[in-house]
Amino acid sequence: MRILRYIGGLIALLLIGLMGYGARGYWDARSDAGGLRARADALIAQGRGGNAFGTAHLAILLAVEDPNFRTHSGVDFSTPGAGLTTITQSAAKRLAFEEFRPGIGKIRQTGYALGLESRLSKEQILALWLATLEMGNGPDGWMVGFHSASSTIYGRRPAELTDAEFIRLVAVLIAPASYDLTRSDARLDERAARIQRLAAGACAPLGFSDVWLDGCRQGSKAPKTGSEAFGSTSQRLARLDDRHPRGTAAIGNEG
């Protein structure tokens, strides 16, 4: 019995320690919020936020990267295709860590994400995320920032891209080191084709963890309730309009 009590005590201390580590991330984010808001507002003023994409392009991005971004509080454990990392958590990974290490780092990352949601608007969080995204290799080396990659690869702003061009930029986000935006890339073509089918409402993720969109492979049939549950592009746009913001080899932008 004494051993069981000892083990129980150790487990309790471990849980308290983990909760404390997450709480530290939360309060760090609240402490950093003033500077982050100013940084985000500057990006938005420069036309480098998410709303600068245009409604249709923004709907595609969110459908792939974080379908419930507009309504969750920083974490999402149920939406099909959401995976383990929301946009807010992904932003926290680069804003809160000089070098992010998976595992226990996820706890502080999640706490930081919750702190961001408590102090920043959705548009501010989105702007910070877009500015810090890893976009893979470009003609002059490694690219960081969605808007910057658009200018580097296509010489135009995201809002000026065709749907196909925009979708190729979105396609690299899951594994930027694995794809090549500067030349023909069959794997990137396949990823982009899945996103195109998703955007058209022709398929739906197989479940919460289907971030690779296996439910949208060529030849895959949409679930019987997929189009109803997930919706066409026009239906998603309508939902986005109703939700006003409050206020990679290795996976590079996930995790």
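(A) Local environment of unusual backbone geometry. Positive phi outside glycine occurs at Leu213, with the angle close to 60°. Note on placement: Leu213 falls in the loop between α8 (186-199) and α9 (226-230). Leu213 sits in the buried class, given a relative accessible area of 3%.

(B) Focus on the environment of Trp129. For Trp129, the location among the structural elements is in helix α5 (residues 122-132). In this structure the C-alpha to C-alpha distance between Trp129 and Ser90, which are 39 residues apart in sequence, comes to 7.2 Å. Among all residues touching Trp129, those that are not within four sequence positions of it are Leu61, Glu65, Ile87, Ser90, Ala91, Arg94 and Leu173.

(C) Examining the pairing of strand β1 (residues 134-138) more closely. Note that β1 and strand β2 (residues 141-144) share four bridges and pair antiparallel. Note on β2: the bridge partner recorded for Asn137 is Trp142. Connecting the antiparallel pair β1 and β2 is a turn made up of two residues.

(D) Spotlight on helix α3 (residues 87-95). Extensive coverage of α3 is indicated by the burial of eight of its nine residues. Turning to α3, its buried residues number three or more, namely Ile87, Thr88, Gln89, Ser90, Ala91, Ala92, Lys93 and Leu95.

(E) Structural detail: the pattern of salt bridges. Enumeration according to the criterion identifies nine salt bridges in this entry. Glu160 is the partner of Arg157 in a salt bridge, and the nearest nitrogen-oxygen pair spans 3.0 Å. Residue Glu160 is classed as partly exposed on the basis of its relative accessible area of 39%. Between Asp189 and Arg168 there is a salt bridge; the shortest N-O distance is 2.6 Å. With Asp189 in helix α8 and Arg168 in helix α7 (residues 163-171), the pair connects residues that are 21 residues apart, well separated along the chain. What makes Arg168 buried here is its relative accessible area of 18%.

(F) Quick peek at the environment of Ala59. Along the chain, Ala59 turns up in helix α2 (residues 55-65). On the accessibility criterion, Ala59 (3% relative accessible area) is buried. The sequence separation of Ala59 and Ala199 amounts to 140 residues, and the corresponding C-alpha distance is 8.4 Å.

(G) Layout of the side chain of Asp66. One can find Asp66 in the loop between α2 and α3. In this structure, Asp66 is buried with no salt-bridge partner, the nearest side chain bearing the opposite charge being Lys122 at 6.4 Å. At 2.8 Å, the side chain of Asp66 and the backbone nitrogen of Ile87 are in polar contact. Those residues in contact with Asp66 that lie beyond four places of it in its chain are Leu61, His72, Thr86 and Ile87.

(H) Broad picture of the packing of α3 against helix α4 (residues 105-119). At a minimum axis separation of 8 Å, α3 and α4 run at an interaxial angle of 110°. As the angle between them shows, α3 and α4 are arranged roughly perpendicular. In the packing of α3 onto α4, the handedness of the crossing is right-handed. Seen from α3, the contacting residues are Thr88, Gln89, Ser90, Ala92, Lys93 and Leu95; seen from α4, they are Lys106, Gln109, Thr110, Tyr112, Ala113, Leu116 and Glu117. When its residues are assigned to classes, the contact of α3 with α4 shows five nonpolar, five polar and three charged.

Reading the values: rules and limits
Residues numbered from 1 in each chain as written. Predicted model: local features only at pLDDT ≥ 70, side-chain atom pairs only at ≥ 80, totals over all residues. Heavy atoms only, no water. Helix = DSSP H or I, 4+ residues; strand = E, 2+ residues; numbered from the N terminus. Buried < 20%, exposed > 50% of the residue type's maximum accessible area, 1.4 Å probe, protein only. Contact = heavy atoms within 4.5 Å. Pairing = 2+ DSSP bridges. Salt bridge = Lys/Arg side-chain N within 4 Å of Asp/Glu carboxyl O. Lys, Arg positive; Asp, Glu negative; His and termini not counted. Polar contact = N/O pair within 3.5 Å; in protein donor to acceptor, adjacent residues only side chain to side chain. Axes fitted to C-alpha atoms, helices over the stretch in contact; angles between N-to-C directions. Parallel < 35°, antiparallel > 145°, perpendicular 65-115°, else oblique. Left-handed = near helix turned anticlockwise from the far one by under 90°. Nonpolar A, V, L, I, M, F, W, Y, C, P; charged D, E, K, R; others polar.

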